[in-house]
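Overview (structure and organization)
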Amino acid sequence: MYITNIDWDSKDTGLPKEIDIDEIAEYLASETGWCCNSFVVEKGHTEKWLKKETSHILNLISTRIMASIDKMEPDIKLTLEEFIEEYSDEDKKELTTAMGKIIRKGSWYKGFYTEYKNGMFIATNKIKATAKMFVKGNKPLVAISFKDQHCISAKWSDNKLYEGAPYVRYSERYRLYTTEFICPAQEAEAILYKAIRKDDKEEFDTRTIRWSEEPMPFYVVEGQAFVRATSCMQRKAQVSDTIKKFIPNEDGGTNAFGLSFLFWENTLVENYCGVYADEDITEKEINDIIGPYTETVLARELWRQYNAFNAKDKEKALEQAKKKINDLQQWVDDNSEQIIQAAEARFGDLRRAEQHMGFDCGFLYFKYKDPVYAEMFSAASTVNGSAIYRSGEFSIKLPFMTQSTTIKREMASYIKENYTENISYRTVLD
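Residues numbered from 1 in each chain as written. Predicted model: local features only at pLDDT ≥ 70, side-chain atom pairs only at ≥ 80, totals over all residues. Heavy atoms only, no water.

A separate point is the packing of aromatic side chains. Considering all chains together, one arrives at 15 aromatic pairs under this definition. A ring pair is formed by Trp331 and Tyr419, whose centres lie 5.6 Å apart and whose planes are at 75°; its orientation type is edge-to-face. Pair noted here: Trp331 is in helix H8 (residues 314-334) and Tyr419 is in the loop between helix H12 (405-418) and strand E20 (423-429), with a separation of 88 residues, a long-range link. Among the aromatic residues, those joined into a ring-pair cluster are Trp211, Phe218, Phe246 and Phe263. (Phe/Tyr/Trp six-rings, centres within 6.5 Å; stacked < 30°, edge-to-face > 60°. Helix = DSSP H or I, 4+ residues; strand = E, 2+ residues; numbered from the N terminus.)

What follows is about the sheet that holds strand E14 (residues 218-221). As summarised here, the arrangement of the five strands in space is E15-E14-E16-E17-E18, forming an open sheet in which the pairing is antiparallel. Only two strands of the sheet have a single neighbouring strand rather than two, namely strand E15 (224-226) and strand E18 (275-277). Taken over all neighbouring pairs, the strand axes of this sheet differ in orientation by 25° on average, direction set aside. As defined by bridge partners, E14 adjoins strand E16 (residues 242-248) across four bridges and the pair is classed as antiparallel. (Pairing = 2+ DSSP bridges. Axes fitted to C-alpha atoms, helices over the stretch in contact; angles between N-to-C directions.)

Now for the sheet that holds strand E4 (residues 120-125). The four strands lie next to each other as E1-E4-E3-E2, forming an open sheet whose pairing is antiparallel. Edge positions in the sheet fall to strand E1 (76-79) and strand E2 (107-109), since each has one partner strand and no second. Strand-to-strand twist in this sheet, taken as the mean axis angle between neighbours without regard to direction, amounts to 20°. Sheet analysis places strand E3 (residues 112-117) next to E4, joined by six bridges and oriented antiparallel. Its bridge partner lying in E4, Thr114 is registered against Ala123.

Here it is, written out as structure tokens:
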């Protein structure tokens, strides 16, 4: 099943420290997808036993329920008893009690809502609409069919029909009452977000939509959607601030905040103030994005970061990168007086000068220019908490703390000219 919400309850259970209740709850959610409460161990079983048995049972139940939902079976009910028959009477009682405590909320899957009550898992059909995705001229379109008439936030003009349904575009100003419509895939979420039933004015829950056919991912560059790479997409990608990937939420799952969307929107590439690629980007996607533009900054950065994401011994690279950063920091600390003197030779007293620099607050970043370190810093930047940017840049503590980028550049200039290795620096306004 799929997580509907992550909000761990942290309660003082009075249990021995070696039994981490919150850890058990989090483990169950990550392993089974069920949203779990912390719960009290009443019979004194070990944490290892609880993790193993409860996750095993929930996985068996989830697999059975999902298979039934896939087949659109009308009446889906499972009892906990049939999955714990092999356990002793004492263990059955404990598992039954624990299961009632750990499952906080039900789970959504393909328009069905499954909940657990009194030893029974019941999956209820909540489908209110079906969705179908198709492509017309490399543009992804979505057809939505409601069971009842709905009011959607859309404009329909020129009596345009696709497969008998009105073709609409998102609009905050206009409303259309209909039981079906077709729209550009990237606008479907906005149109549905303000969908209102004619009778009770409730917001439409996208978890109640079921895909009738397997949908496909697509990309949006400069506001234009593409299912497959074209020369137009590749040209736009060179100058676009972002390249987004839309992945259909085929199973109707929810994110960590309990929200469900028709498509999961992922920023695949950011290209302002540096190039940043998503860690899940694939080799095919990079080739589709750059096309014939293989010598551009975008192409070089995408391949560099892709190689960094897939590098081996990232932790070792991080340790080596930290050592190089510490070497520079130590040199700056040892030469702090000379650095301040160099800056004061131009600006005079730095505290007074800082007050007259105007609106130049910002940040200073250093980078080792030696190609030998490029791969090392790239791999290190992909480790969580590394404090190294994807570009290989990093920050250090300067001998004079200031927000002025003008003063920072003067100190950085002295560091660059006198440090024993080849480095570069740049400032970014806040």
